[in-house]
Amino acid sequence: MWRLRRAAVACEVCQSLVKHSSGIKGSLPLQKLHLVSRSIYHSHHPTLKLQRPQFRTSFHQFSSLTNLPLRKLKLSPMKYGYQPRRNFWPARLAARLLKLRYLILGSAVGGGYTAKKTFDQWKDMLPDLSDYKWIVPDIVWEIDEYIDLEKIRKALPNSDDLAKLAPDFDKIVESLSLLKDFFTTGHKLVSEVIGASDLLLLLGSPGETAFRATDHGSESDKHYRKVTDKEKIDQLQEELLHTQLKYQRILERLEKENKELRKLVLQKDDKGIHHRKLKKSLIDMYSEVLDVLSDYDASYNTQDHLPRVVVVGDQSAGKTSVLEMIAQARIFPRGSGEMMTRSPVKVTLSEGPHHVALFKDSSREFDLTKEEDLAALRHEIELRMRKNVKEGCTVSPETISLNVKGPGLQRMVLVDLPGVINTVTSGMAPDTKETIFSISKAYMQNPNAIILCIQDGSVDAERSIVTDLVSQMDPHGRRTIFVLTKVDLAERNVASPSRIQQIIEGKLFPMKALGYFAVVTGKGNSSESIEAIREYEEEFFQNSKLLKTSMLKAHQVTTRNLSLAVSDCFWKMVRESVEQQADSFKATRFNLETEWKNNYPRLRELDRNELFEKAKNEILDEVISLSQVTPKHWEEILQQSLWERVSTHVIENIYLPAAQTMNSGTFNTTVDIKLKQWTDKQLPNKAVEVAWETLQEEFSRFMTEPKGKEHDDIFDKLKEAVKEESIKRHKWNDFAEDSLRVIQHNALEDRSISDKQQWDAAIYFMEEALQARLKDTENAIENMIGPDWKKRWLYWKNRTQEQFVHNETKNELEKMLKCNEEHPAYLASDEITTVRKNLESRGVEVDPSLIKDTWHQVYRRHFLKTALNHCNLCRRGFYYYQRHFVDSELECNDVVLFWRIQRMLAITANTLRQQLTNTEVRRLEKNVKEVLEDFAEDGEKKVKLLTGKRVQLAEDLKKVREIQEKLDAFIEALHQEK
């Protein structure tokens, strides 16, 4: 009976618990009871067999694009047969109800809290997939338009609401205490109930602290609770770090997969599998705009304000290494402590199927996956830098344009500037520091330029001077990104890690920035590959104290995160400013077109290149016109020019010495010897010089003579330069001189005058030559003795003392010649003494040398007059010439000499004319073409030779139109991409 009473009491307790448990209706199936309860209920049933639940899992390769929830675990169904009645059904009912209440409430509270925490963790772990929208269908990205995820998140209960839903564990413990007191007899039922409550405590429910405080309530338990919270915080921080690193690895794997997919797609496009024409990428179009702007002179109040990423930093701060990590190749020259970046280098990064690099003005592609191509590229960049640097300078403002393409590269335009220096060392120009500052300011003062400020983390920040420069250009830090390099060395050497945090946050010096990043640029080995540097960087930051102590955030480290941030900032700046720049160039174009119409209404808008092509065609036409010169004109000018060059030698060195002999035999002998010597040594060379000068004169005449209304004086300077350069390059054929020598020698040996016409022509030629010499001699005597009596009376001129002495000496010598008209060419000593004494008797002091000089001119005039009289006598001497002057006192050997000279000149002129028209004119035309081609490739030459307001206005107008067209095309493509 006492057992029945105890059972009744237990039933009452259980009923009270059932009344307090809200929301529970119906009965629980047996398989959902606690294991202990089931053992109580089925301990004696012979057919009961507990089955282990079968867990079914499915392995899926992880991808950040498919974050699938875990499948729910299903238990195998259990079948139970007939269950016999047990005696302690109130105890069974109490245990069942207690277990049901705790499980339902605990599951509800813990499940809701876990669901919310899991949702927040998953949301934080999801990567930014904005750059990979082309892979995922558009419906995935538009799902937020159909499902309000934020509303669902807000609908989930937070921790405070879940705490309110938790049961009152104090009351539960009181109820359990009543049960414990009731079952003081140590019955097995009570121990099982107490065991069930202990199992609940071991589940780690939110009521754990309350249970412990109720059961024990000692001060040591409170201390234990505080320590536990601290450990939980540390554990959460460790889990957060591992989660961030895990996300980074997932992102890297995803980017690698994307890189391979993009490479395959671009390769298919390259092979023409899709049979469509590839358009230029946005970044290539934008880079072309910047290239045109770099050559444009910023006038008409139009400035280049298009965005670029300007990389500045102290020398050896790691600028080049950061750029190479972004470009994923070692493309820049390197040196230990030496200044390698001597001019700005514009690097355009874009996607492509192969990792290659090429210059703007070259078609050669450098394969960046091959070490020999990388070495050749670095060498070419170094050569271009040294070529840009002028003599006496160390750096140059001229920009080298380089395109780097490859799968997975972030699209942007970077400009690597020379490193800022604090001291000018030996070997540098004195103004190197100021030049670097001016170049850096010129790029950074662009209000849309993104400044990538590189700071060496391994040295004291106070030693940096680039931060002050950046602060001056961007005081509010609205377009500056700060990068701390060599963080591994900084963490190893800096005693206080918080100092690195101060540098990263910009608290150590007054410089503001959009973002702060920390990177590692390798172990200092120049031969280290980019992949090795990246692995070293990731390994370092995984174990870095800066991340573990939360001094740095995960998105602030690694070059990969830096390149993503810089690319996003670059394109954001481009989208905000490009349309405004296009509008400004439209206004500039209108102003230029209006100015052209007002100043040059009847002329076409030809820029410098078009003007050069027009001038080139005119010059070539003028060279071709040389071949249209008649043979008669060539021979006349060649014969005349050659005689002017050799006439002095013929008369002074050949004719006069031979004519002063006493007989014809000596005359002919002297002439033959002197002609032979002249032909062997001087005559052919003189003839070639005359021909070359004649060709130059004719070429110059065609180039410079006005063309009437069609003449454009803007080409004069260019034509003159082409003429001079072509003549300088032209070399006469050396074989022509040898063949000409033989021809001239044969012509001079011929003495047979065939008819009277040739005889008269020779006499006429001789008279012209002698009269020209006589005129020159008369002028020399007049200058020697001064004006005669007519000029003295008419023009009020007087003789000088020297002229007076010369005049008296001349008069005395003329008296001597009148006495002896056949006097030889030279004065004897006694004759000089006689003349001097005669002059002294009249009070004129003379020097013997003065007497000789005066005699030379007086005798020369006397001889030439005598020779002219002899020519008149020889006009009727052709009959005696045919008889070889036999039985005749008239000897005209001098006429034969001049006929030989005249015939030699005619034959030489004919030979030179043939060589000119057949060979030299064509060679000159070839030289002119080569000079024009060289000038066409030399931009500085064209700017120097084609100058003026008209040229500059047309040039600016063309460039502004080109810039506007490229900007419009870029903006259209940018809108299409959106």
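Source: prediction; values computed, not measured.

1. A few points about the overall build of the protein
Phase 1 of the analysis: Summing up its helical and strand segments, the protein has 36 helices and nine strands in all.
Phase 2 of the analysis: Taken across its 978 residues, the protein has 43% of its residues classed as buried.
Phase 3 of the analysis: Restricting the contact set of the protein to residue pairs at least 6 apart, pairs at least 24 apart contribute 79%.
Phase 4 of the analysis: A total accessible area of about 56,200 Å² is found for the protein, and carbon and sulfur atoms account for 51% of it.

2. Topic: the nonpolar core
Phase 1 of the analysis: Counting 101 residues, the largest nonpolar core has Trp643, Tyr655, Trp678, Trp759, Ile901 and Val928 as its most contacted members.
Phase 2 of the analysis: The element contributing the most residues to this core is helix α34 (residues 893–937), with 17 residues.
Phase 3 of the analysis: Apart from residues no more than four positions distant in its own chain, Ile901 is found in contact with Trp643, Val650, Leu675, Trp678, Leu748 and Phe765.
Phase 4 of the analysis: One finds Val404, Val578, Phe585 and Ile963 within the second-largest nonpolar core, a separate group that totals 66 residues.

3. Observations concerning the pairing of strand β5 (residues 400–405)
Phase 1 of the analysis: The element β5 is largely enclosed, with a buried count of five among its six residues.
Phase 2 of the analysis: Pairing of strand β2 (residues 345–350) with β5, which is carried by six bridges, proceeds in the parallel orientation. Residue Val345 lies in a different strand from β5, and its bridge partner there is Ile400.
Phase 3 of the analysis: Where strand β3 (residues 356–359) and β5 come together, four bridges link them in antiparallel fashion. Residue pairing across strands places Phe359 opposite Leu402, the latter belonging to β5.

4. A look at the sheet that holds β2
Phase 1 of the analysis: Pairing in this open sheet of nine strands is mixed, and the strands run β4-β3-β5-β2-β6-β1-β7-β8-β9 from one edge to the other. Unpaired on one side and paired on the other, β4 (366–367) and β9 (515–518) mark the two borders of the sheet.
Phase 2 of the analysis: One ladder, built from two bridges, connects β3 with β4; its direction is antiparallel. The residue bridging Val356 from the neighbouring strand is Asp367, located in β4.

5. Concerning the confidence of the model for the protein
Phase 1 of the analysis: When pLDDT is averaged along the protein, the result is 75, and 68% of the positions lie at 70 or above.
Phase 2 of the analysis: Counting interchain partners and residues more than four positions distant, the pLDDT-below-50 stretch residues 6–86 has 88 contacts.

6. A closer look at a positive patch on the surface
Phase 1 of the analysis: Together, Lys717, Lys728, Lys941 and Lys944 line one region of the surface with positive charge.
Phase 2 of the analysis: Counting residues per element, the ones that place at least two in the positive patch are α26 (716–729) and α35 (939–945).
Phase 3 of the analysis: On the basis of relative accessibility, which here comes to 34%, the residue Lys941 falls in the partly exposed class.

7. Some thoughts on helix α15 (residues 432–444)
Phase 1 of the analysis: With 13 residues, α15 should cover 18 Å at 1.5 Å per step; its first-to-last C-alpha distance of 18 Å lies within 8% of that length.
Phase 2 of the analysis: Among the residues of α15, Thr432, Ile436, Ile439, Ser440, Tyr443 and Met444 are the ones counted as buried. Along α15, the residues classed as buried sweep out an arc of 125° about the axis, all on the same side.
Phase 3 of the analysis: Where the residues of α15 are buried, they touch β1 (309–313), β6 (412–416), β7 (450–456) and α16 (466–473).

8. Brief notes about the environment of Lys681
Phase 1 of the analysis: Along the polypeptide, Lys681 turns up in helix α24 (residues 664–681).
Phase 2 of the analysis: Note: C-alpha distance between Lys681 and Arg741 (60 residues apart in sequence) is 9.1 Å.

9. Some details on unusual backbone geometry
Phase 1 of the analysis: A positive phi angle, close to 60°, is found at Gln328, a residue other than glycine.
Phase 2 of the analysis: According to the relative accessible area criterion, Gln328 is partly exposed, its value standing at 21%.
Phase 3 of the analysis: If you check the backbone angles, Lys486 has positive phi at about 55° while not being a glycine.
Phase 4 of the analysis: Along the chain, Lys486 turns up in the loop between β8 (480–485) and α17 (487–493).

10. Details of the packing of aromatic side chains
What describes a pair of aromatic rings is the distance from one ring centre to the other and the angle between the planes of the rings.
Phase 1 of the analysis: One pass over the structure, following the stated rule, counts 17 aromatic pairs.
Phase 2 of the analysis: Residues Phe482 and Tyr516 carry aromatic rings whose centres are separated by 6.0 Å and whose planes lie at 55° to one another, so their mutual orientation is tilted. Pair noted here: Phe482 is in strand β8 and Tyr516 is in strand β9, with a separation of 34 residues, a long-range link. Tyr516 matches Phe482 in its accessibility class, with the two residues each being buried.

11. Observations regarding the pattern of salt bridges
Phase 1 of the analysis: A full pass over the atoms with the stated rule returns 42 salt bridges.
Phase 2 of the analysis: A salt bridge links Asp672 to Arg751, with the nearest nitrogen and oxygen atoms 2.1 Å apart. Of the two residues, Asp672 sits in helix α24 while Arg751 sits in the loop between α27 (735–749) and α28 (756–785), which places them 79 residues apart along the sequence.
Phase 3 of the analysis: The class of Asp672 is partly exposed, set by a relative accessible area of 29%.
Phase 4 of the analysis: Note that Asp680 is salt-bridged to Lys676, the shortest N-O span being 2.5 Å. Placement of both Asp680 and Lys676 in helix α24 is noted, with a separation of four residues, approximately one turn of the helix.
Phase 5 of the analysis: Using a relative accessible area of 37% as the deciding quantity, one classes Lys676 as partly exposed.
Phase 6 of the analysis: One continuous salt-bridge network, built from bridges that share partners, spans Arg589, Glu593, Glu605 and Arg961.

12. Things to note about the state of the cysteines
Phase 1 of the analysis: If you walk through the whole model with that rule in mind, you get one disulfide.
Phase 2 of the analysis: Paired through a disulfide, Cys874 and Cys892 show a sulfur-sulfur distance of 2.0 Å. A torsion of -100° about the S-S bond marks the disulfide between Cys874 and Cys892 as left-handed. Of this pair, Cys874 sits in helix α32 (residues 848–874) while Cys892 sits in the loop between α33 (878–882) and α34, and the two are 18 residues apart along the sequence.
Phase 3 of the analysis: When its relative accessible area of 0% is taken as the criterion, Cys874 is described as buried.

13. Here's the deal with the pairing of β8
Along any regular strand the residues' side chains alternate between the sheet's two faces.
Phase 1 of the analysis: Across the six residues of β8, six count as buried, placing the element largely inside the fold.
Phase 2 of the analysis: Both faces of β8 are covered, namely the face carrying Thr480, Phe482 and Leu484 and the face carrying Ile481, Val483 and Thr485.
Phase 3 of the analysis: In the sheet, β7 pairs with β8 via six bridges, with the strands oriented parallel. Directly across from Cys453, in β8, lies its bridge partner Phe482.
Phase 4 of the analysis: Bridge count for β8 against β9 is four bridges, and the pairing is parallel.

The rules behind the values
Residues numbered from 1 in each chain as written. Predicted model: local features only at pLDDT ≥ 70, side-chain atom pairs only at ≥ 80, totals over all residues. Heavy atoms only, no water. Helix = DSSP H or I, 4+ residues; strand = E, 2+ residues; numbered from the N terminus. Buried < 20%, exposed > 50% of the residue type's maximum accessible area, 1.4 Å probe, protein only. Contact = heavy atoms within 4.5 Å. Areas by Shrake-Rupley, 256 points an atom, 1.4 Å probe, with all protein chains shown as cover. Core = buried A, V, L, I, M, F, W, Y, C linked by side-chain atoms within 4.5 Å. Pairing = 2+ DSSP bridges. pLDDT = per-residue confidence, 0-100. Patch = residues over 30% accessible without salt bridge, like charges linked within 9 Å, V, L, I, M, F, W, Y side chains within 5 Å. Salt bridge = Lys/Arg side-chain N within 4 Å of Asp/Glu carboxyl O. Lys, Arg positive; Asp, Glu negative; His and termini not counted. Charge placed at Lys NZ, Arg CZ, Asp CG, Glu CD. Expected span 1.5 Å × (residues − 1). Arc of directions from axis to C-beta. Phe/Tyr/Trp six-rings, centres within 6.5 Å; stacked < 30°, edge-to-face > 60°. Disulfide = S-S within 2.5 Å.

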